[in-house]
Amino acid sequence: MNSAGPGKSGLDLVPFRGVRYVPERVGSLAAVTSPPYDVVVRPDGLLHLESADPHNIVRVILPQGESAGPRHRHAADTLRGWLAEGVLAADEAPALYVYEQRRGDLLQRGVIGALRLSEPSEGVVLPHEDVIQDVVEDRADLMRATAANLEPLLLTYRGDGPGPDAPASGTAAVVERVVASPPLLATTTEDGFAHRLWAVRDPEELGAIRADLSGRQALIADGHHRWATYLRLRERHPSPSPWDYGLVLLVDTVRHPLRVRAIHRLLRGLTVGRALRLLGDAFRVREVPGPLAGAERALADAAAGGNAFLLAGDGRFHLVDRPDPALLARTVPAGRPRAWRALDATVLHSTLIAEVWSLPDSSERIAYLHEADAAVEQAVRTDSTAVLMHPVAESVVRDLAGAGVRMPRKSTSFGPKPATGLVLRDLEL
């Protein structure tokens, strides 16, 4: 999956005038950033971000209100107000931006730019997960109201180097040269990640990046709903227009391998006791000792041998594995690759949620959380069931995406994710 394939155009990443916070107008750059919108799922997390600084970007990416229309108008008014007041300002000249995240031994570098949009059938940008159409429509309404790309998607590609310690070439060489110079900004967020950003405007460096990426193919690591939103909005604006492009962060995973984590489920209105009773003999069920870290190790051990899940919410941990093969044959859709049929997310949604527990596949009943402790805490507080998942191997994700097969939505969480608020793209510039 290194190149876009014969006869196909590759990645077309172009400079843009980044919109950034003016440091003198905010308490600190760290205080105005946020995780991506879909990671901020807890009300206390939202309130924490809002109280960190009156100009925290969460007020734009997750505006509050009783209905969608007023929320989106409020976000647009907030964004335009900050621009008018000088809290945010556009860079004078277009640029690509080198972005670095570092915490301990973990180092990730990539390039932020405006990427020409393409359909999956073109084989340039490959999705690997399905999306929830209601979420796409809501993000499209917000993006249209603000006329801005508020946070970059995380895309990965595989460069030419044999590994992170090999001499850099192409885009990687530009990145290595740029990070030797002073950055535009540097800040450390409360999660311990240090962030630095540089602007690339030199025509030769820009040309080297464009030439290197022009034959490459990318995988959407994080941001499937935002990519679908970009495509939907492109359809609604006559081309050529700024809507033909979307804000992305491109990371070469040969040099900077990403971490793959699971996304957990919170099943509202289903108690753990009822979930266990309904399982019957369909799965093996064992109680495993806590704390959470120990229970997750038991999940990892069980997952090595097949489908496995950890149920929590009643103060204990219940390991669910070894599904009945006859039940899987009856409930998992046929006609799909074996790797897709064997995914934990496939079995969870097709067999457990739809068949055994008979839950509607709706946002009112199923929530998706990136942090296991948050899922357990919410399950206990609401007398619901948290289903903790084991992460999928990145090789499985790439193989399925390369074959044009979509995984069930919210199957994976790649990271580290870019912080929101360091650079925005204003489509009216």
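Treat the numbers as computed from the prediction; the structure is a model and nothing was measured.

Calculation notes
Residues numbered from 1 in each chain as written. Predicted model: local features only at pLDDT ≥ 70, side-chain atom pairs only at ≥ 80, totals over all residues. Heavy atoms only, no water. Phe/Tyr/Trp six-rings, centres within 6.5 Å; stacked < 30°, edge-to-face > 60°. Helix = DSSP H or I, 4+ residues; strand = E, 2+ residues; numbered from the N terminus. Buried < 20%, exposed > 50% of the residue type's maximum accessible area, 1.4 Å probe, protein only. Lys NZ or Arg CZ within 6 Å of the ring centre and 35° of its normal. Salt bridge = Lys/Arg side-chain N within 4 Å of Asp/Glu carboxyl O. Axes fitted to C-alpha atoms, helices over the stretch in contact; angles between N-to-C directions. Parallel < 35°, antiparallel > 145°, perpendicular 65-115°, else oblique. Left-handed = near helix turned anticlockwise from the far one by under 90°. Contact = heavy atoms within 4.5 Å. Nonpolar A, V, L, I, M, F, W, Y, C, P; charged D, E, K, R; others polar. Pairing = 2+ DSSP bridges. Core = buried A, V, L, I, M, F, W, Y, C linked by side-chain atoms within 4.5 Å.

Peer 1: How would you explain the packing of aromatic side chains if you had to name every residue and give the values?
Peer 2: Inspection of the entire model under this criterion finds 3 aromatic pairs. Taking 6.3 Å as the distance between ring centres and 50° as the angle between the ring planes, the aromatic pair formed by Tyr-21 and Trp-82 counts as tilted. With a gap of 61 residues between them, Tyr-21 in strand 2 (residues 18–21) and Trp-82 in helix 4 (residues 68–85) connect regions that are remote in the sequence. Classification of Trp-82 by relative accessible area gives buried; the value is 6%. Look at Trp-227 and Tyr-230: their rings are 6.2 Å apart centre to centre, the planes differ by 65°, and that puts the pair in the edge-to-face class. Taken together, the residues Trp-227 and Tyr-230, both in helix 8 (residues 224–235) and 3 residues apart, mark about one turn of the helix. Since its relative accessible area comes to 3%, Trp-227 is described here as buried. Judged by its relative accessible area of 3%, Tyr-230 falls in the buried class. The ring centre of Tyr-37 lies 3.8 Å from the NZ or CZ of Arg-139, which sits over that ring. For Arg-336, the ring lying beneath its charged end belongs to Trp-340, and the centroid distance is 4.1 Å.

Peer 1: Any details on the pattern of salt bridges? Residues and values, ideally.
Peer 2: Tallied over the full model, the rule gives 28 salt bridges. Across the pair Arg-216 and Asp-212 runs a salt bridge whose closest N-O atoms are separated by 2.9 Å. Taken as a pair, Arg-216 and Asp-212 share a single burial class, namely buried. Beyond isolated ion pairs, a larger network of salt bridges with shared partners links Glu-100, Arg-109, Glu-176 and Arg-196.

Peer 1: Residue-level account of the packing of helix 5 (residues 133–146) against helix 8, with values.
Peer 2: The contact between helix 5 and helix 8 brings their axes to 9 Å, and the two run at 60°. Between helix 5 and helix 8, the angle falls in the class oblique. The handedness of the crossing between helix 5 and helix 8 is right-handed. Contacts between helix 5 and helix 8 involve Gln-133, Val-135, Val-136, Glu-137, Arg-139, Ala-140, Met-143 and Arg-144 from the first element and His-225, Ala-228, Thr-229, Tyr-230, Arg-232 and Leu-233 from the second. Tallied by class, the residues present in the contact of helix 5 with helix 8 amount to 7 nonpolar, 3 polar and 4 charged.

Peer 1: Go over the sheet that holds strand 3 (residues 88–90) with me, naming the residues and quoting the values.
Peer 2: With respect to topology, 4 strands assemble into an open sheet ordered 3-2-21-7, the strand pairing being antiparallel. Sheet topology places strand 3 and strand 7 (148–149) at the edges, where each strand pairs with a single neighbour. Strand direction decides the pairing type here: strand 2 and strand 21 (residues 424–426), joined by 2 bridges, are antiparallel. Within strand 21, the residue paired with Gly-18 across the bridge is Arg-425. Strands strand 2, strand 3, strand 7 and strand 21 of the sheet are contacted by helix 4, whose axis makes an angle of about 75° with strand 3.

Peer 1: Give a detailed account of the nonpolar core, specifying residues and quantitative values.
Peer 2: Ranked by internal contacts, the top residues of the largest apolar core, which has 109 residues, are Tyr-21, Ile-112, Leu-155, Trp-227, Leu-250, Phe-283 and Trp-357. If you tally residues by element for this core, the top one is helix 13 (residues 344–356), at 6 residues. Those residues in contact with Trp-357 that lie beyond four places of it in its chain are Leu-267, Leu-270, Ala-275, Leu-278, Leu-279, Leu-311, Leu-348, Leu-352 and Val-387. Val-288, Leu-310, Leu-319 and Leu-369 belong to the second-largest nonpolar core, a separate cluster that totals 21 residues.

Peer 1: For the environment of Ser-34, give the residues involved together with the corresponding values.
Peer 2: Positionally, Ser-34 belongs in the loop between helix 1 (29–32) and helix 2 (43–52). Looking at Ser-34, the relative accessible area reads 4%, which means it is buried.

Peer 1: So what about the side chain of Thr-346? Which residues, and what values?
Peer 2: Relative to the helices and strands, Thr-346 is located in helix 13. Accessibility expressed as a relative area gives 2% for Thr-346, which makes it buried. Apart from the residues within four sequence positions on either side, Thr-346 is in contact with Val-332, Trp-340, Arg-341, Thr-351 and Pro-408.

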